[in-house]
Amino acid sequence: MGTSKTTVADVPLTVSTPDPAVSLGKAVVVLQEAWGVNAHIESILTRLADAGYLAVAPHLYHRGSQTSFTDFPSAKEALMALNSKDISHDVGATAAYCKSEGADTIGSLGFCMGGTVSLWCAAEPLVDAAVTYYGGAVAESRWQGIPAGSELAAQLKVPWLGHYGDLDPSIPPECVEQLRSHASKLAQVYRYPDADHAFNNDTSSHYDPEAADLAWSRTMEFFAKTL
C-alpha cells in the first residue's frame, strides 16, 4: 500500500490507496497541520487507506519556497500566507482527483490549521462530511475569506465533527463552548478533559493515546455514517 506522490492542477498530492478488496469507493482529503505534509500526516493517510478509504493530502504550502517545517516561526509565516482562494483551489483539485479515482463521496479530516480548513470545507461545502481536530481561529478569523470557526459552525451545509482538548491554551474550553452554542444541528463537538493541542500527533510531546484512540474511533464511526 504505502504512499505515493502526484500533482493535479499544480497541487502536489500525497496519496495512500486502499487495497481494492476492501475499498469503500470513498475518499478523505487530509488537511495538514502547520508543519505541512509530514510523517504524522502520512501516517493518517495510511490508517485511512487501511480502513478502505482513498486518502489524499494536498500540500497547501506549495506556492512558497518550502512545503514543510520543523520550527514554528517559519511555519507560521507560511500558514499566514494562505487565503481562501488558494485553499479552495487546492481542496477542489484534491476532490476532483478523488472523483477521478472512483470516489463517489468525499470527506475532509484536518488537524491544527487543517482542522480550521476542514470546518470551512463543511460550511462551503467542498466535501460531503468533515472532521476537525483542534482547529484554531474559533473566536476570530485567521485568513481572508474564511470566517471565524464559531461563524462557520453556524453555516454548516454537511455533517461536521469536532475534537478539542480542554488543556489546549490556544482553544480554551470557553471558545469550544462558544462554537458549540453557535453550531447548527449538523455539528457534533467533543471535548477531551486531559488532552492538549496536538493530542492526536504521536510525534508530539502533547500526544495523548487515550484521547487519540477515542477520537479516532468516533471519527471512523462518523465517516461510516456520513460518507
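Residues numbered from 1 in each chain as written. Predicted model: local features only at pLDDT ≥ 70, side-chain atom pairs only at ≥ 80, totals over all residues. Heavy atoms only, no water.

**Q** How would you summarise the overall build of the protein if you had to cite specific residues and measurements?
**A** Tallying secondary structure elements over the protein gives seven helices and eight strands in all. Against the compact-globule benchmark of 17 Å for 227 residues, the protein has a radius of gyration of 16 Å, which places it among compact chains. Each principal axis of the C-alpha atoms in the protein carries an extent, and together these give about 45 × 40 × 35 Å. Burial statistics for the protein: of 227 residues in total, 54% are counted as buried. (Helix = DSSP H or I, 4+ residues; strand = E, 2+ residues; numbered from the N terminus. Rg over C-alpha atoms; globule rule 2.2 N^0.38 Å. Buried < 20%, exposed > 50% of the residue type's maximum accessible area, 1.4 Å probe, protein only.)

**Q** With reference to specific residues and values, describe the nonpolar core.
**A** Most often, soluble globular proteins keep nonpolar side chains buried together rather than apart. One finds Val 30, Leu 48, Leu 109, Tyr 133, Trp 160 and Phe 223 to be the most contacted residues of the largest nonpolar core, which totals 78 residues. Residues contacting Leu 109, with those up to four places away along its chain left out, are Val 28, Val 29, Val 30, Leu 31, Ile 44, Leu 48, Ser 118, Val 131, Tyr 133, Trp 216, Thr 219 and Phe 223. (Core = buried A, V, L, I, M, F, W, Y, C linked by side-chain atoms within 4.5 Å. Contact = heavy atoms within 4.5 Å.)

**Q** Please set out helix H3 (residues 84-100) residue by residue, giving values where relevant.
**A** If you check H3, its first and last C-alpha atoms are 24 Å apart, about what 17 residues at 1.5 Å a residue would give, namely 24 Å. Next to the buried residues of H3 lie strand E1 (3-8), strand E2 (11-16), strand E3 (26-31), strand E4 (54-58), strand E5 (105-111) and helix H4 (113-123). Measuring from the side-chain oxygen of the N-cap residue of H3 to the backbone nitrogen of Lys 85 gives 3.1 Å; that N-cap residue is Asn 83. Downstream of H3 by a residue or two, Gly 102 has a phi angle that is positive, lying close to 105 degrees. (Expected span 1.5 Å × (residues − 1). Polar contact = N/O pair within 3.5 Å; in protein donor to acceptor, adjacent residues only side chain to side chain.)

It is worth stressing that arrangement in space is one thing and function is another; only the former is reported here.
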